[in-house]
Amino acid sequence: MVWRPTLPTREPGRLDVRKTYKLYVGGAFPRSESGRSYVVTNAKGKFLANASQASRKDARDAVVAARKAFGGWSTRTAYNRGQVLYRIAEVMEGRHDQFSAEVAAAEGLSISKARSLVDASIDRWVWYAGWADKLAQVVGSSNPVAGPYFDFSLPEATGVVALLAPQDDSLLGLTSVIAPAIVSGNTAVVVTSFERPVPAITLGEVMATSDVPGGVVNILTGSASEIGPWLASHLDVNAIDLCGIEDPDEARELEAAAAENLKRVRRPAEEDWFASPGLSRLTQYLETKTVWHPIGV
Amino acid sequence: MSRFEYAPAPESRAIVDIKSSYGLFINGAFVEATDGKPFKTVSPASEEVLAEVSEAGPADVDKAVKAARKAHEKVWGPMPGRDRAKYLFRIARLIQERARELAVLESLDNGKPIRESRDVDVPLVAAHFFYYAGWADKLEYAGAGPDPQPWGVAGQVIPWNFPLLMLAWKIAPALAAGNTVVLKPAETTPLTALAFAEICQQADLPPGVVNIITGAGRTGENLVTHEGVDKVAFTGSTAVGRAIAKAVAGTDKKVTLELGGKAANIVFEDAPIDQTIEGIVNGIFFNQGHVCCAGSRLLVQESVYDEVLARLKRRMGTLRIGDPLDKNTDIGAINSPEQLARIRELSQVGEDEGAERWSPECELPSQGYWFPPTVFTGVSQAHRIAREEIFGPVLSVLTFRTPAEAVEKANNTPFGLSAGVWTEKGSRILWMANQLRAGVVWANTFNRFDPASPFGGYKESGYGREGGRHGLEAYLAH
Amino acid sequence: MTTIDSGVGAGVDGLADVTSSEDRLRRFLLGLPGVDQVGAEARAATLSTRSIKTTAKAYALDLAIQMIDLTTLEGQDTPGKVRALCAKARRPDPADSTAPQVAAVCVYPDLVATAKYELRGSGINVASVATAFPSGRSSLAIKVQDTKDAVAAGADEVDMVIDRGAFLSGRYGMVFDEITAIREAAGDAHLKVILETGELVTYDNVRRASWLAMLAGADFIKTSTGKVSPAATLPVTLVMLEAVRDYHENTGLHIGVKPAGGIRTSKDAIKYLVMVNETAGPDWLDPELFRFGASSLLNDLLMQRTKLATGNYSGPDYFTLD
């Protein structure tokens, strides 16, 4: 049993210090360039925060940051990326109470239900962390071609991925879309749940303190419907997850816009975030590279 | 005779029996088109009309998709994988048995040299069916879960550059996985696909499992947007691929796209020079440069630029251009007048932009569509001929100084299908292979293909892979 | 045609300095561009798919006959055997006077005099192997004497072997010096340098040995003794043809190439000629610059020649043994 300190209850009547909720872009916490914010409430409608409302220009800046980070992140060793993802889990564990309170508030859950969601989220980071250095062995191959050539195929990150995070599930769903994208070396621009962005902002703070290089994950609070089209049509975005788009017509329009540069598109679908994720989100943002070389003396 | 002039060595045409007109192959039989008009397919080397072919209209497409649906539900889906495998093995054998005939037919209809259709295309077609035949009863090992299922009906549209090979790349994995198919060959090269329909008959393949419908872009559009099609597979231009991706947006259709490219073929100063020259030639002049993964941008290290260019030009002087059926022909005819116009236009643009154009002396036949092997030097990244896919025997030459610059230039394109690297230094090969954003990297070789080897692009070169286990995944629900 | 620099990475403007010291020679040879085995073999295989028909075939068959060094190199050789071979060389097809003569008759040094006498007035050269053929394992003095004996007996051409042991252990200077010494001993005789590529094994070695021999004064570079397997192959010959082509680009000098051993059919011979034509170029389609070291090849060429002329297939009984 690991020893944990027992904290004394906090002094009654102390005026707490509140946080300003900002975006997380390129490793920094800017306000929206638009200067906009919007009111975030808990599930019962009580004021929680004024979140920054990201604009298309914030999305543009986030893509630039993500592209800048891509070269370094994608060429780190898989072992190193695995360690960084595991570090995210470690740091989240330290903020367990905070996440639980925020998830409970955002989703209107009991604290014990929220705790189990935070547990599952942390465990999911651990699960994906372990994939970093196994993926190539599972989805790569050595190809027995009919000739004197050594031929192998290996997975590589697709590039900059836009993730329109689920609207309902504020932490487990969010984790489940981010982790599989970045573990293989992609960098991400995430648009959070519009109504439940607070756990995502805290996750940004975790990223900032978990050896995740700036720009690898960029978190924009605001409306996926507003920012989504700019990301879908952005020519320097290589893939997009439409998970957070609930209106089928909107999803169709975004998919059509994404066709402009042949983005890899993940369509919205029914999701059970507690179920074992399988490989499909991992492989969604992978390219297969095949290399040939003659065998001779 | 004072010189060693090779006398004509034509492969006999007698081996092929081209009918004057062809219907559509739907539900196991050739049928008349109900609402389309017939069109002609010509030999690009002579402009001779080879046959009249039916254009499939919306009603024909619907009929073909329904036949495929029925075959999927009643026969092919429920059939044990073992038996699907045996049908595919049968088809592979039939292709081998009729290999020479298919090669001649391909060269006639497409214009490619018989040496290539005989030694590359058709053997690879048979190999593809053999490879995927073996997968049909082993799908649970394909990496798509313990009980992978086919999508259902696959609508497939293929290009004219490797007509029968692209058919094999599409049909073999689809059938192995348990899908049924409706395939549309390119309008300028339908004949080997129609011969393949006969092979399906000879193999006693159940009716409706493979349907071949001929026609142009509109037929293809009707096919991929047909609501009964579960899976769309397309090989062709990025423009059409983009249109398909838009057309299927918001549907449940699964899509794989194999599109254009502008591959860099990168030559370092320590390259094995003679094999490198062969690789450059093979990279851009194979199949008249009608190859999506063609090494159309040659990046040469400045320290060996003069030598590489001199050797390349000397080698280009030995290329033999002419009758595709002549066994000694290296470069055949351009597939269509439209393609020839495109090559001419972009070559003119290259000249206008200030690049220097060079072709060896060669006499082009007076009939048919021809373009000499051409190299442009003094090309920079900003030139259109360095950025746009020409899809012809036209090579743009650029230079670089360091490996990092080579990578930067190679990746500076919206495409990402293939790349070549020539150096004797092993660690540099692997470094380059890591850095290049392309789906296939050929090191000290170029334009090699194998059914076991996954092929496909990054970025605007499309998505999904064909070949190998990866190619099977595209046809399995997971 | 633009002048082509010597090998990639060699960084040498001319070749004068290359042989000025063992160190420079070594650096030059090791700096020659590599040969990728798979690529070289693929190129040779592609060239051998050329289909040579009718008039081109007739031209090729006659040219191949004129390129033959009709050879007997056996312990059991006698003056009688050599006389018979020389008669065959003079008139390959007794039934057809239009059949051309071969280029040379190739024998051991002790039979040079016999061959010289038998071939008098024919214009056919006598080639002699020398330098402790085929292994080359004796002292330089003996090799020099061997060469002098052959030349004194009337040899027009000398086929020497290189010291493969020295080459494989990197003593390039020693190989160079030996070739130079034999070059001198051979006087006016044409010097063919046998690389014995079957013992050099890699194409990189074949390219280096080719350049080494040319730099040391070879008139011809020759693949094999015929006593080691593999002897001549298409890809080995391809690499050697590339070497003479590049040497010519550098120096303007034409060096000949002689594949020897294992070439038995007309089909094979024509594949070699196609390769010569498309690699070194038409200049080399000349007995002065390309030879076949062969014996049984001749009858097959004659048989094909007859088939082409008459339209009927022939049989071995219709051609003389030697």
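Owing to the predicted nature of the structure, the values given are computational and were not obtained by experimental measurement.

Trainee: When you look at the overall build of chain B in this model, what are you seeing that I'm missing?
Mentor: Tallying secondary structure elements over chain B gives 15 helices and 20 strands in all. Here the C-alpha atoms of chain B give a radius of gyration of 22 Å, agreeing with the 23 Å that 2.2 N^0.38 yields for 478 residues. Structurally, chain B occupies a C-alpha span of about 65 × 50 × 35 Å along its principal axes. Residue pairs in contact within chain B that sit at least 24 positions apart in sequence constitute 72% of those at least 6 positions apart.

Trainee: Looking at this structure, I do not really get the overall build of chain A. What am I missing?
Mentor: Along chain A, the regular secondary structure elements total ten helices and ten strands. Its C-alpha atoms give chain A a radius of gyration of 20 Å, near enough to 19 Å, the size a compact globule of 297 residues would have. Over its C-alpha atoms, taken along the principal directions, chain A stretches across nearly 80 × 50 × 35 Å. For chain A, the proportion of its 297 residues judged to be buried stands at 51%.

Trainee: Explain the UniProt feature "domain: Aldehyde dehydrogenase" (unreviewed entry) in chain B to me, please; I cannot follow it from the model alone.
Mentor: Taking the UniProt record as the reference, the feature "domain: Aldehyde dehydrogenase" (unreviewed entry) is found at residues 30-476 of chain B. Annotated as 41% helix and 16% strand, the span residues 30-476 of chain B places its first and last C-alpha atoms 29 Å apart.

Trainee: Explain the interface of chain C and chain A to me, please; I cannot follow it from the model alone.
Mentor: Interfaces are frequently sized by the accessible area removed from exposure as the parts join. The interface of chain C with chain A comprises five residues on the first partner and five residues on the second. A per-class count over the side of chain C that touches chain A returns one nonpolar, three polar and one charged.

Trainee: Any chance you could explain the nonpolar core here in plain terms?
Mentor: For soluble globular proteins, the rule of thumb is that nonpolar side chains tend to be buried together. Ranked by internal contacts, the top residues of the largest apolar core, which has 257 residues, are A:Val189, B:Leu88 and B:Ile266. In terms of residue count, the dominant contributor to this core is helix 5 (residues 163-176) of chain B (eleven residues). A domain-level breakdown of this core finds at least three residues from each of domain 1 (21-259 + 458-477) and domain 2 (264-443) of chain B. Every residue in contact with B:Ile266, bar those within four places of it in the chain, is listed here: B:Leu299, B:Ala406, B:Ala410, B:Ala419, B:Gly420, B:Val421, B:Trp422 and B:Met432. In terms of nonpolar packing, the next biggest core, distinct from the first, is built from 107 residues, C:Ala40, C:Phe167, C:Tyr247 and C:Phe292 among them.

Trainee: I tried to follow the interface of chain B and chain A on my own but got confused; where do I start?
Mentor: In this complex, chain B contributes 36 residues to the contact, which on the side of chain A involves 29 residues. At the level of elements, helix 8 (238-247), helix 14 (426-435), strand 18 (440-443), strand 19 (462-463) and helix 15 (468-473) of chain B are the ones that each hand at least two residues to the side of chain B that touches chain A. When grouped by side-chain class, the residues that make up the side of chain B that touches chain A number 16 nonpolar, twelve polar and eight charged. Two elements, strand 10 (residues 286-294) of chain A and strand 18 of chain B, share three bridges in a ladder whose sense is parallel. In the strand pairing of strand 18 of chain B, A:Trp292 is matched with B:Trp442.

Trainee: Before we go on, may I ask you to explain the UniProt feature "active site" (unreviewed entry) in chain B in this structure?
Mentor: All names here are of chain B. What UniProt calls "active site" (unreviewed entry) maps, in this numbering, to Glu258. Mapped onto the secondary structure, glutamate 258 falls in strand 11 (residues 254-258). What makes glutamate 258 buried here is the crowd of 28 C-beta atoms within 10 Å. In contact with glutamate 258, other than residues within four places in its own chain, are Thr235, Cys292, Gly456, Gly457, Gly462 and Glu466.

Trainee: It is not clear to me how the domain arrangement of chain B should be interpreted in this structure. Could you clarify?
Mentor: Residue and element names in this part refer to chain B. As assigned here, chain B comprises domain 1 (21-259 + 458-477) and domain 2 (264-443). Listed by partner, the interface residues are 22 residues for domain 1 and 27 residues for domain 2. Elements supplying a minimum of two residues to the side of domain 1 that touches domain 2: helix 3 (99-110) and helix 4 (114-135). Looking at side-chain class alone, the side of domain 1 that touches domain 2 contains eight nonpolar, seven polar and seven charged residues.

Trainee: Any chance you could explain the environment of B:Gly134 here in plain terms?
Mentor: Residues and elements named next belong to chain B. Among the structural elements, glycine 134 can be located in helix 4. On the neighbour-count criterion, glycine 134 (13 C-beta atoms within 10 Å) is partly exposed. It is 41 Å that separates the C-alpha atoms of glycine 134 and tryptophan 370, two residues lying 236 residues apart in sequence.

Trainee: Help me understand the sheet that holds strand 4 (residues 157-161) of chain C in this model?
Mentor: Sheets are built from strands paired through backbone hydrogen bonds, the pairs being either parallel or antiparallel. All names here are of chain C. Taken in spatial order, the eight strands make up an open sheet running 7-6-5-4-3-2-1-8, and their pairing is parallel. A strand with exactly one partner marks an edge of an open sheet, and here the two such strands are strand 7 (256-258) and strand 8 (292-294). The sheet shows a mean angle of 25° between the axes of neighbouring strands, taken without regard to direction. Where strand 1 (residues 68-71) meets strand 8, three bridges bridge the pair, whose relative direction is parallel. What sits directly across from aspartate 69, in strand 8, is glycine 293.

Trainee: What is the right way to look at unusual backbone geometry in this model?
Mentor: For residues other than glycine, phi is negative in most cases, and the peptide bonds are mostly trans. With an omega of 0°, the peptide bond between C:Phe133 and C:Pro134 qualifies as cis. Following the sequence through the fold, C:Pro134 ends up in the loop between strand 3 (125-129) and helix 6 (140-152). A cis amide bond links C:Ser229 to the next residue, C:Pro230, at an omega of 0°. Relative to the assigned elements, C:Pro230 resides in the loop between strand 6 (220-222) and helix 11 (234-251). Phi at B:Phe391 is positive, roughly 60°, even though this residue is not glycine. Unusually for a residue other than glycine, B:Asn444 sits at a positive phi of about 55°. Structurally, B:Asn444 is set in the loop between strand 18 and strand 19.

Trainee: Explain the UniProt feature "domain: Aldehyde dehydrogenase" (unreviewed entry) in chain A here, please?
Mentor: As annotated in UniProt, the feature "domain: Aldehyde dehydrogenase" (unreviewed entry) corresponds to residues 33-265 of chain A in the numbering used here. Helix makes up 51% of residues 33-265 of chain A and strand 18%, with an end-to-end C-alpha separation of 28 Å.

Trainee: I tried to follow the pairing of strand 5 (residues 49-54) of chain B on my own but got confused; where do I start?
Mentor: Residues and elements named next belong to chain B. Relative to strand 5, strand 1 (residues 21-22) is paired through two bridges, and the arrangement is parallel. Across the sheet, serine 21 pairs through a bridge with glutamate 52, a residue of strand 5. With five bridges joining them, strand 4 (residues 38-42) and strand 5 adopt antiparallel strand pairing. What sits directly across from proline 38, in strand 5, is serine 54. Between the end of strand 4 and the start of strand 5, which pair antiparallel, lie six residues, with glutamate 47 showing a positive phi angle near 65°.

Trainee: Hey, could you run me through helix 1 (residues 22-31) of chain C in this one?
Mentor: An α-helix turns once per 3.6 residues; consequently, residues spaced three or four apart project the same way. All names here are of chain C. What helix 1 keeps buried is the set Leu25, Phe28 and Leu29. Seen end-on, helix 1 carries its buried residues on one side only, within an arc spanning 95°. Against helix 8 (172-186) and helix 10 (203-215) lie the buried residues of helix 1.

Trainee: Can you walk me through the environment of A:Gln137 in this structure?
Mentor: All names here are of chain A. Mapped onto the fold, glutamine 137 is located in helix 5 (residues 135-139). Note on glutamine 137: 11 C-beta atoms within 10 Å, which makes it exposed. For the pair formed by glutamine 137 and leucine 154, sequence separation is 17 residues and the distance between their alpha carbons is 8.3 Å.

Trainee: Whenever I open this one, the sheet that holds strand 9 (residues 264-266) of chain A confuses me. Can you help?
Mentor: Residues and elements named next belong to chain A. Spatially, the five strands line up as an open sheet ordered 7-6-5-8-9, and their pairing is parallel. With partners counted over all chains shown, the strands left at the sheet margins are strand 7 (217-220) and strand 9, one partner each. On average, adjacent strands in this sheet sit at an angle of 15° to one another, irrespective of strand direction. Direction of pairing for strand 5 (residues 160-164) relative to strand 6 (residues 187-191): parallel, over a ladder of five bridges.

Procedures and definitions
Residues numbered from 1 in each chain as written. Chains lettered and ligands numbered in written order. Predicted model: local features only at pLDDT ≥ 70, side-chain atom pairs only at ≥ 80, totals over all residues. Helix = DSSP H or I, 4+ residues; strand = E, 2+ residues; numbered from the N terminus. Rg over C-alpha atoms; globule rule 2.2 N^0.38 Å. Contact = placed C-beta atoms within 7 Å. Buried ≥ 20, exposed ≤ 12 C-beta atoms within 10 Å, placed from the backbone. UniProt positions renumbered as here; feature names shortened; annotations may be inferred. Nonpolar A, V, L, I, M, F, W, Y, C, P; charged D, E, K, R; others polar. Core = buried A, V, L, I, M, F, W, Y, C linked by C-beta atoms within 7 Å. Domains from an automatic or database assignment. Pairing = 2+ DSSP bridges. Axes fitted to C-alpha atoms, helices over the stretch in contact; angles between N-to-C directions. Arc of directions from axis to C-beta.

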